[in-house]
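Notes for the structure review
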Amino acid sequence: MKYPQLTVFNYKIVYYALRIFSLYWLAVQYLKFIELENRSREIYEPVFWFEKVLFPEFPGIFLVTGLIITGVVCIIASILKPSYWLNILIFLLIAVINLPLSANFGVHHDNHVMILTYFLSIFLLPEKLEDKDYRSVQYFYLGILMTYSLAGMGKFLGTAKNIIKHTDKLTWLDKNAAKLNTYDNYWTADAAIPEWMSEIYSYENFWVVLTVIGIALQFFCFLGAFNRRLLTFFMVFLYIFHTYTAKFVLADFENTNYLLIVIFFPYHFFLPFFKRNEAGAVNR
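All values derive from a computational prediction rather than experimental measurement.

Overview of the packing of helix H10 (residues 228-248) against helix H11 (residues 254-264)
The geometry of H10 relative to H11 is characterised by a closest axis approach of 10 Å and an angle of 170° between their N-to-C directions. By the criterion of interaxial angle, the relationship of H10 to H11 is roughly antiparallel. Note on element contacts: H11 touches H10 through Thr256, Asn257, Leu260, Ile261 and Phe264, opposite Arg228, Leu231, Met235, Leu238, Tyr239, His242 and Thr243. In the contact of H10 with H11, the residues fall into seven nonpolar, four polar and one charged.

Next up, the structure:
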C-alpha cells in the first residue's frame, strides 16, 4: 500500500474511532461537572471572554446534561451518516462543554487537543476521501502535531534568550531544571514528593541530556505529519511524554493520551489480518 492510500485508509478508521472515543470523553466531562458542582460557586471564575458571555456563572447540571446528550446524539448520527454540518455542530458542542471546565476552581483541564481535532477534521468525511486527498489528512495531522512543535520551539527560544542575555533565570540546561519543575508542582498541589522520585533526580547530568532530547523531539513532532513511521514514533513519544508530565508534573493529560492513540494509531497494521480472514472465508 503506497503512502497516499495508506494515509487515507488510516484516517477513514480514525473518523469512526474518534467518535466512539468521544462518547467516553463526554461521559468523563459529565462526571467532572458533577464533581465541580459541589464546590463553592463563588470561586468559579470564567477565563476566556467567550466563556464570560456564555457562562458568567457555573452552569447547572440540567443545562450540562442537555448539552452532553445533544453531543451524544450528534456523534451517533455522524457515525451513521457523516455530514459537514454534524461535524461543525459537534465541534461547537465540544468547545462549549469544555468552556466552564477550563482553568476553573483551581483545576486545569487540557481538552484543547480534542477541540482542535474536531475543528481540523470538519471537512474530512470518510466516504468522500480518495487517495489523492491524502494531503488533507496530512494537514489534519500537522495541525495537531504543531501544538507540540510550537511548545518545543518556545522552550528552545526561551532558553536561548536567557543564555544570550545572561539572565539569572533557570533554564532547561540547568542540572536541577527538571527536578525543580517537578518539586514546584508538587509544592503547589501540597503533595508529598515520593522518595523514589528524589533518588531518580539525583542523576543530574542524565536529566539535562534527557530534557534536551525531550524538547528536541517535541519540536520535531511536526515531521510525523509527512511520514507514517515517524507518526507512529511520535505517537509513542507523546504517550511517554504525557505519562511523565502526569506523574512528575501532575498535569491532567490522561484523556489526551488516549486521544492521540486513537488519531495516530497505525491501523494499517491490521490490514493483512483482515485480508487473511477474507481469503479464509472465500476458501470455505
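Structure shown, so let's carry the discussion forward.
Section: the packing of aromatic side chains
One pair of aromatic rings is described through two measures. These are the centre distance and the angle between the planes. Counted under the stated rule, the structure contains 28 aromatic pairs. When the centroid spacing of 6.2 Å and the interplanar angle of 65° are considered together, the rings of Tyr24 and Tyr258 count as edge-to-face. On the criterion of sequence distance, the pair formed by Tyr24 in helix H1 (residues 3-37) and Tyr258 in helix H11 is long-range, its members being 234 residues apart. Residue Tyr24 is classed as partly exposed on the basis of its relative accessible area, which comes to 37%. Seen in terms of ring centroids, Phe265 and Phe270 are 5.9 Å apart; in terms of plane orientation they differ by 15°. Their pairing is stacked. Take Phe270: its relative accessible area is 40%, and that puts it in the partly exposed class. Linked through ring pairs, Tyr183, Trp187, Trp196, Tyr201, Phe206, Trp207, Tyr244 and Phe248 together constitute an aromatic cluster.

Looking at the pattern of salt bridges
Taken as a whole and assessed by the stated rule, the structure comprises four salt bridges. Residues Glu35 and Lys32 are paired through a salt bridge, measuring 3.0 Å at the closest nitrogen-oxygen approach. Taken as a pair, Glu35 and Lys32 lie in helix H1 at a separation of three residues, close to a single helical turn. Put simply, Arg39 and Glu35 hold a salt bridge, and the shortest N to O gap is 3.2 Å. Relative accessible area serves as the criterion here: at 36%, Glu35 is assigned to the partly exposed category. Taken together, the shared-partner salt bridges connect Lys32, Glu35 and Arg39 into one network.

Regarding helix H3 (residues 61-80)
Over its 20 residues, H3 runs 29 Å from end to end, which matches the ideal 28 Å to within 8%, given 1.5 Å per residue. Taken together, the buried positions of H3 are occupied by Ile61, Val64, Leu67, Ile68, Gly71, Cys74, Ile75 and Ser78. What you see down the axis of H3 is that its buried residues fit within an arc of 155°, all on one side. Pointing more than 90 degrees away from the buried face of H3 are the exposed residues Phe62, Val73 and Leu80. Looking at the packing, one finds that the buried side of H3 touches H1, helix H4 (84-98) and helix H5 (112-120).

A short note on a nonpolar patch on the surface
A contiguous nonpolar surface patch, about 460 Å² in accessible area, is contributed by Trp49, Phe50, Val53 and Leu54. For Val53, the position within the fold is in helix H2 (residues 49-54). For Val53, a relative accessible area of 57% puts it in the exposed group.

Observations concerning helix H9 (residues 204-219)
With 16 residues, H9 should cover 22 Å at 1.5 Å per step; its first-to-last C-alpha distance of 23 Å lies within 8% of that length. Among all positions in H9, only Trp207, Val208, Thr211, Ile215 and Gln218 are buried. With its buried residues spanning 105° around the axis, H9 presents them on a single face. Check the buried side of H9 and you find it contacts helix H6 (134-164), helix H7 (177-188), helix H8 (195-200) and H10.

Reading guide: rules and limits
- Residues numbered from 1 in each chain as written.
- Predicted model: local features only at pLDDT ≥ 70, side-chain atom pairs only at ≥ 80, totals over all residues.
- Heavy atoms only, no water.
- Axes fitted to C-alpha atoms, helices over the stretch in contact; angles between N-to-C directions.
- Helix = DSSP H or I, 4+ residues; strand = E, 2+ residues; numbered from the N terminus.
- Parallel < 35°, antiparallel > 145°, perpendicular 65-115°, else oblique.
- Contact = heavy atoms within 4.5 Å.
- Nonpolar A, V, L, I, M, F, W, Y, C, P; charged D, E, K, R; others polar.
- Phe/Tyr/Trp six-rings, centres within 6.5 Å; stacked < 30°, edge-to-face > 60°.
- Buried < 20%, exposed > 50% of the residue type's maximum accessible area, 1.4 Å probe, protein only.
- Salt bridge = Lys/Arg side-chain N within 4 Å of Asp/Glu carboxyl O.
- Expected span 1.5 Å × (residues − 1).
- Arc of directions from axis to C-beta.
- Patch = residues over 30% accessible without salt bridge, like charges linked within 9 Å, V, L, I, M, F, W, Y side chains within 5 Å.
- Areas by Shrake-Rupley, 256 points an atom, 1.4 Å probe, with all protein chains shown as cover.

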